[in-house]
Number of protein chains: 2
Amino acid sequence: MATTGGDRQPKYQRIANTLREAIQAGEYVPGDRLPGENDLMATHGVARMTARQALGVLQNEGIAESRKGAGVFVRAFRPLRRRGIQRLSREQWGAGRSIWSADIEDRTLVVDQVAVTEEPAPERIARVLDIAPDDAVCVRSRRFVLDGKPVLLATSYLPASLVAGSAITQEDTGPGGTYARLGELGAKPVHFREEVRSRMPSQDEANRLSLSMGTPVILICRTAFADEGRPVEVNEMTLDSASYVLEYDFDA
Amino acid sequence: MATTGGDRQPKYQRIANTLREAIQAGEYVPGDRLPGENDLMATHGVARMTARQALGVLQNEGIAESRKGAGVFVRAFRPLRRRGIQRLSREQWGAGRSIWSADIEDRTLVVDQVAVTEEPAPERIARVLDIAPDDAVCVRSRRFVLDGKPVLLATSYLPASLVAGSAITQEDTGPGGTYARLGELGAKPVHFREEVRSRMPSQDEANRLSLSMGTPVILICRTAFADEGRPVEVNEMTLDSASYVLEYDFDA
DNA sequence: AAGTGGTCTAGACCACAAG
DNA sequence: TTGTGGTCTAGACCACTTT
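Residues numbered from 1 in each chain as written. Chains lettered and ligands numbered in written order. Predicted model: local features only at pLDDT ≥ 70, side-chain atom pairs only at ≥ 80, totals over all residues. Heavy atoms only, no water.

(A) Representation of the protein's contact with DNA strand C. Close to DNA strand C lie 24 residues; A:Asn38, A:Arg52, B:Lys11, B:Tyr12 and B:Thr50 are nearest. Near-protein atoms of DNA strand C (within 4 Å) split between backbone and bases, with sugar and phosphate holding 71%. Contacts to DNA strand C include A:Glu37, whose backbone N or O atom sits 3.1 Å from a phosphate oxygen. A distance of 2.7 Å separates a phosphate oxygen of DNA strand C from a polar atom in the side chain of A:Asn38. Secondary-structure elements contributing two or more residues to the surface near DNA strand C are helix 2 (37-44), helix 3 (48-60) and strand 2 (71-74) of chain A together with helix 1 (11-24) and helix 3 (48-60) of chain B. Element by element, the count of residues in the surface near DNA strand C is highest for helix 3 of chain B, at 4 residues. (Near = heavy atom within 4 Å. Polar contact = N/O pair within 3.5 Å; in protein donor to acceptor, adjacent residues only side chain to side chain. Helix = DSSP H or I, 4+ residues; strand = E, 2+ residues; numbered from the N terminus.)

Below is the structure:
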């Protein structure tokens, strides 16, 4: 088909734009069903694959999400708030409200897929922990599930020589958790560094977090330091970006 | 074609997996050209659209990127490091190296698309700045380009009543920049809050940052507070996630 | 049973990049 | 000029959800 008039944009993009604007104008609210492939074929006079491509654009943007056999629906964004620096009182700076609404609380968090093993340190971990490659590390991994929706994967690495014999090598680390046990071992964390990046998920990450199309993950690599700058733990976290807003407070 | 054996996975996914594993095994390094649509049609005996879909998977994952008329190529990840909390000396905690290599320096940063206007405050900004909706704000927006590649869009909002007549309303804010001028106005920022999230870019963001498929953006909303928790600036930033690693250091 | 999205085929024309 | 990816058509069968 000779493209009729002066259209410098692909058809599927024009259709996607139409739908996107309708969503942003509030004609469709989160949870609403969008016009399906058959609708778009009829109203725009295009082939199935073209209508499909248009809907794919919105899914890749994270604006919409498909449910097999049901339709394509507008997505919502209701993130958890994760405070990187808890010690600062929130009230002190409460005059400035946060920019993204973050309904929290009154939801139930379940920990899942817990595994504790001892392994040779991966190269990148050994470098950060300042130990020899293949020195043994205690590896603690788990998944956090919020109201049935997995939101976070975490794997932490600690020098095996440091934590040997402590509760850190058990699934249940006891009251106060890993950091309390580190304190008892004379390696109380006094400083933290978090490195944050984002990318699209691997297939495995998408499965474990039940991510729909167009949802990036946030990667946090948190290093805990004891006195004298001694690194004692590296915690690699993978977050569903649709479920989180990170917050960092600090003084000038 | 009747799918011959027990394949519970779509063909295009199997093809994508093959390529992904080859990349992760180092058979293709960043910058290498992957087998094209015609190659995949021949070697896997599939139709054009199926080969295409397989390559699309890798692009949506941010692993590969297509260049029109040339082919599909393996992408690299060489981020900038952005330190959220500069006052802490890096050396003090230098024992723990960072987990992502971040070649920095020896690159040239250009500021671009600078615009300074005065506008009624958008609702979300007014809420954060604790002013009335539609009170005037000074809006400063600009783009940062690193070695010819745009990496960051930033728009900051300040109460117009606070900054009226100062250099903040000029394109060139003078030595020390906006924060130095705020200090002279008796509104020196002493505390900051950064909220971080990630999502796929809008079409406009993708254009202004020259993003290729499968690249999320990182959104940072930074609020600066003067004494007594008075918010004096909101800075909304949009980062190319392939160009940045964020770093936050803090004490327990 | 009817409608939906998921996968797949076998063609086609185009704009662009490289030799 | 040749090959590449980008767009598009007009069919098809399937698994799934909803009615």
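Now that the structure is up, let's keep going.
(B) Looking closely at the nonpolar core. Core analysis: the biggest nonpolar cluster contains 54 residues, and A:Leu246 and B:Leu246 have the highest contact counts within it. Excluding its chain neighbours within four sequence positions, the residues that come into contact with A:Leu246 are A:Arg82, A:Val196, A:Ile218, A:Ile220, A:Leu239, B:Glu194, B:Glu195 and B:Val196. (Core = buried A, V, L, I, M, F, W, Y, C linked by side-chain atoms within 4.5 Å. Buried < 20%, exposed > 50% of the residue type's maximum accessible area, 1.4 Å probe, protein only. Contact = heavy atoms within 4.5 Å.)

(C) Spotlight on the sheet that holds strand 9 (residues 231-240) of chain B. Reading across the sheet, the 8 strands line up as 3(A)-10(A)-7(B)-8(B)-9(B)-6(B)-5(B)-4(B) and stay open at both edges, with mixed pairing between neighbours. The outermost strands of the open sheet, each flanked by one partner alone, are strand 3 (80-83) of chain A together with strand 4 (109-120) of chain B. Each adjacent strand pair in this sheet contributes to an overall mean axis angle of 20°, direction not counted. As defined by bridge partners, strand 3 of chain A adjoins strand 10 (residues 244-251) of chain A across 4 bridges and the pair is classed as parallel. Note on strand 10 of chain A: the bridge partner recorded for A:Arg82 is A:Leu246. (Pairing = 2+ DSSP bridges. Axes fitted to C-alpha atoms, helices over the stretch in contact; angles between N-to-C directions.)

(D) Representation of the protein's contact with DNA strand D in the model. In the vicinity of DNA strand D there are 23 residues, among which A:Lys11, A:Tyr12, A:Thr50, B:Asn38 and B:Arg52 approach most closely. Protein-proximal atoms of DNA strand D, defined as those within 4 Å of the protein, fall in sugar or phosphate at a share of 72%. Within the side chain of B:Arg48, a nitrogen or oxygen atom sits 2.9 Å from a base nitrogen of DNA strand D. B:Arg52 is positioned with one of its side-chain polar atoms (N or O) 3.1 Å from a phosphate oxygen of DNA strand D. Those elements that place two or more of their residues in the surface near DNA strand D are helix 1 (11-24) and helix 3 of chain A together with helix 2 (37-44), helix 3 and strand 2 (71-74) of chain B. In terms of residues, the surface near DNA strand D owes the most to one element, helix 3 of chain A, which gives 4 residues.

(E) Molecular detail of the pattern of salt bridges. Residues and elements named next belong to chain A. Throughout the structure, instances matching the rule amount to 32 salt bridges over all chains. Salt-bridge contacts for Glu37 lead to Arg52; the nearest nitrogen and oxygen are separated by 2.7 Å. You can see Glu37 sitting in helix 2 and its partner Arg52 sitting in helix 3, a full 15 residues away along the chain. The class for Arg52 is partly exposed, based on a relative accessible area of 44%. (Salt bridge = Lys/Arg side-chain N within 4 Å of Asp/Glu carboxyl O.)

(F) Focus on the sheet that holds strand 3 (residues 80-83) of chain B. With respect to topology, 8 strands assemble into an open sheet ordered 4(A)-5(A)-6(A)-9(A)-8(A)-7(A)-10(B)-3(B), the strand pairing being mixed. Edge positions in the sheet fall to strand 4 (109-120) of chain A together with strand 3 of chain B, since each has one partner strand and no second. The sheet shows a mean angle of 20° between the axes of neighbouring strands, taken without regard to direction. By the bridge criterion, 6 bridges tie strand 6 (residues 149-159) of chain A to strand 9 (residues 231-240) of chain A in an arrangement that is antiparallel. Bridging across to strand 9 of chain A, A:Leu152 finds its partner in A:Leu239.

(G) Just the environment of B:Ala136, in detail. Residue and element names in this part refer to chain B. Position of Ala136 among the secondary structure elements: in strand 5 (residues 136-146). Relative accessible area serves as the criterion here: at 33%, Ala136 is assigned to the partly exposed category. Separated by 15 residues in the primary sequence, Ala136 and Ala121 have C-alpha atoms spaced 5.7 Å apart.

(H) Focus on the interface of chain A and chain B. Contact residues are listed per partner, giving 62 residues for chain A and 62 residues for chain B. For the pairing of chain A and chain B, the buried interface totals around 5600 Å² over both sides, and the portion due to carbon and sulfur atoms is 56%. On inspection of chain A and its partner chain B, the count reaches 6 salt bridges. Measuring nitrogen to oxygen at the nearest pair gives 3.5 Å for the salt bridge that ties B:Asp249 to A:Arg193. For the interface between chain A and chain B, the tally reads 16 residue pairs in polar contact (both at pLDDT 80 or more). Mapped by element, the contributors of at least two residues to the side of chain A that touches chain B are helix 1, helix 3, helix 4 (123-129), strand 7 (191-199), strand 8 (217-225), strand 9 and strand 10 of chain A. Of all the elements, strand 7 of chain A adds the most residues to the side of chain A that touches chain B, at 9 residues. By residue class, the composition of the side of chain A that touches chain B is 30 nonpolar, 14 polar and 18 charged. Where strand 10 of chain A lies against strand 7 (residues 191-199) of chain B, 6 bridges are found, and the strand directions are antiparallel. Bridging across to strand 7 of chain B, A:Glu247 finds its partner in B:Glu195. (Buried area = accessible area lost by both parts, 1.4 Å probe. Nonpolar A, V, L, I, M, F, W, Y, C, P; charged D, E, K, R; others polar.)

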